[in-house]
Amino acid sequence: MPVVRLRRLRRNPQIRNLVAETRLRTEDMILPCFVIGGEGRREPILSMPGIYRLSADNLLKELGEVKALGIKAILVFGIPEKKDNAASEAYSDNGVVQKAIRRIRKEIKDIVIISDVCICSYTPHGHCGVIKKSKLYSGTRDLYIDNDKTLEILAKVAVSHAAAGVDFVAPSAMMDGQVLEIRNTLDRRGFLDVGIVAYSAKFASNFYGPFRDALNSAPQFGDRKSYQMDFRNSDEALREMKQDINEGADIVMVKPALAYLDIIYRAKEKFNIPIVAYNVSGEYSMIKKISVGNKAKEKELVFEILTSMKRAGADFIVTYFGKEVARWLR
Ligand code: PBG
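Residues numbered from 1 in each chain as written. Predicted model: local features only at pLDDT ≥ 70, side-chain atom pairs only at ≥ 80, totals over all residues. Heavy atoms only, no water.

**Some points on the site of the ligand**
Right, so step 1: Near the ligand there are 18 residues, and of these Arg212, Gln228, Lys255, Ser281 and Tyr320 occur at the shortest range.
Right, so step 2: Alone, the ligand offers 400 Å² of accessible surface; in the complex the protein occludes 100% of this.
Right, so step 3: Of the pockets mapped on this structure, the ligand occupies the largest cavity.
Right, so step 4: When its residues are assigned to classes, the shell around the ligand shows ten nonpolar, three polar and five charged. (Near = heavy atom within 4 Å. Areas by Shrake-Rupley, 256 points an atom, 1.4 Å probe, with all protein chains shown as cover. 1 Å grid on protein atoms, 1.4 Å probe; cavity = no way out; pocket = protein on both sides within 12 Å on 5 of 7 lines; lining within 4 Å. Sits in = over half its atoms within 2 Å of the grid points. Nonpolar A, V, L, I, M, F, W, Y, C, P; charged D, E, K, R; others polar.)

Here it is as structure tokens:
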């Protein structure tokens, strides 16, 4: 029996490229954007080097560049002017996101706009749902988020984004029934073509820290463990995804990505629906930190990590590295 020479396929870059099973493409990248009010504003986010909060005019300029790089899709987050317990700016037609989306839609026809639908950055308490004031719960240590009251708000947010012109809304609050409620409400209001990217398997993760700085959305008390998933579970993640698919999700998400490749893999095996991985803020900042001053190393690291997400089964990736990857792929 001769030695099996697997190394033949690794002999040189041309052969390696020929046989590569997984490829990262610019079209795979969805770029998150943080919008603020006003004009001419561009605020750096200290924990996320290279990422900015932009006012709508600057975001438009940025998107010109993003499109020229070949990126086809963005995920928009808003930082409101004022927060209140009703999260009213989240669904106001004059909210920062709604105004920005109308502008983008008007000026740029061929970009896929996805909007995050949640209330954590719109409420002073920073939770993704309405806090229930219930006698039943007072005096207990359990924080109670009112699921069904939150659904009403999320549906209003989704409709306001749809009216502004998004292609997809992306509910990220992890409330039960959010996809169904949003689908039904969008349909009733005539937004039959607006799709849903469901943050289905969203874990209560320690990797969201820098994002919460960016949005100033850290919970002011308690944590998100009563609504986001426990990282010890994966069967439950599949139940979440199955449920969202049944409720009408068009695309399902696994978030974070790097520590959850097994979930991506299992989802791809089980479901035949597009799966998106969210390479979250903490994953971004971690790479930035360990590769300061060495762009070449950073590139190699980013390619290895993002490729692993695709290899696991992700069809595309939400990533703050989007622009850099697009440049590197040129
Ligand atoms: C809001 C939301 C979060 C992220 C996306 N949407 C944060 C959270 O749940 O605290 C995190 C994204 C990131 O870390 O890049 N519900």
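**Quick notes on a positive patch on the surface**
Right, so step 1: A surface patch of like charges, here positive, comprises Arg5, Arg7, Arg8 and Arg10.
Right, so step 2: Within the fold, Arg10 resides in the segment before α1 (13–19). (Patch = residues over 30% accessible without salt bridge, like charges linked within 9 Å, V, L, I, M, F, W, Y side chains within 5 Å. Salt bridge = Lys/Arg side-chain N within 4 Å of Asp/Glu carboxyl O. Lys, Arg positive; Asp, Glu negative; His and termini not counted. Charge placed at Lys NZ, Arg CZ, Asp CG, Glu CD. Helix = DSSP H or I, 4+ residues; strand = E, 2+ residues; numbered from the N terminus.)

**Considering the packing of helix α11 (residues 295–312) against helix α12 (residues 322–329)**
Right, so step 1: Contact geometry for α11 and α12: axes closest at 11 Å, N-to-C directions at 100°. Classed by the angle they form, the pair α11 and α12 counts as roughly perpendicular. Residues Lys295, Glu298, Lys299, Val302, Phe303 and Leu306 of α11 form the contact with α12, whose own contacting residues are Glu324, Val325, Trp328 and Leu329.
Right, so step 2: Its residues assigned to classes, the contact of α11 with α12 shows six nonpolar, no polar and four charged. (Axes fitted to C-alpha atoms, helices over the stretch in contact; angles between N-to-C directions. Parallel < 35°, antiparallel > 145°, perpendicular 65-115°, else oblique. Contact = heavy atoms within 4.5 Å.)

**Notes on the packing of aromatic side chains**
For any two aromatic rings, the description comes down to two numbers: the centre-to-centre distance and the angle of the planes.
Right, so step 1: By the definition in use, this model includes ten aromatic pairs.
Right, so step 2: A centroid spacing of 5.7 Å and a plane angle of 45° characterise the contact between Phe34 and Phe77, whose relative ring orientation is tilted. With Phe34 in strand β1 (residues 29–36) and Phe77 in strand β4 (residues 73–78), this residue pair connects regions lying 43 residues apart in the sequence.
Right, so step 3: Under the relative-accessibility criterion, Phe34 is labelled buried at 2%. (Phe/Tyr/Trp six-rings, centres within 6.5 Å; stacked < 30°, edge-to-face > 60°. Buried < 20%, exposed > 50% of the residue type's maximum accessible area, 1.4 Å probe, protein only.)

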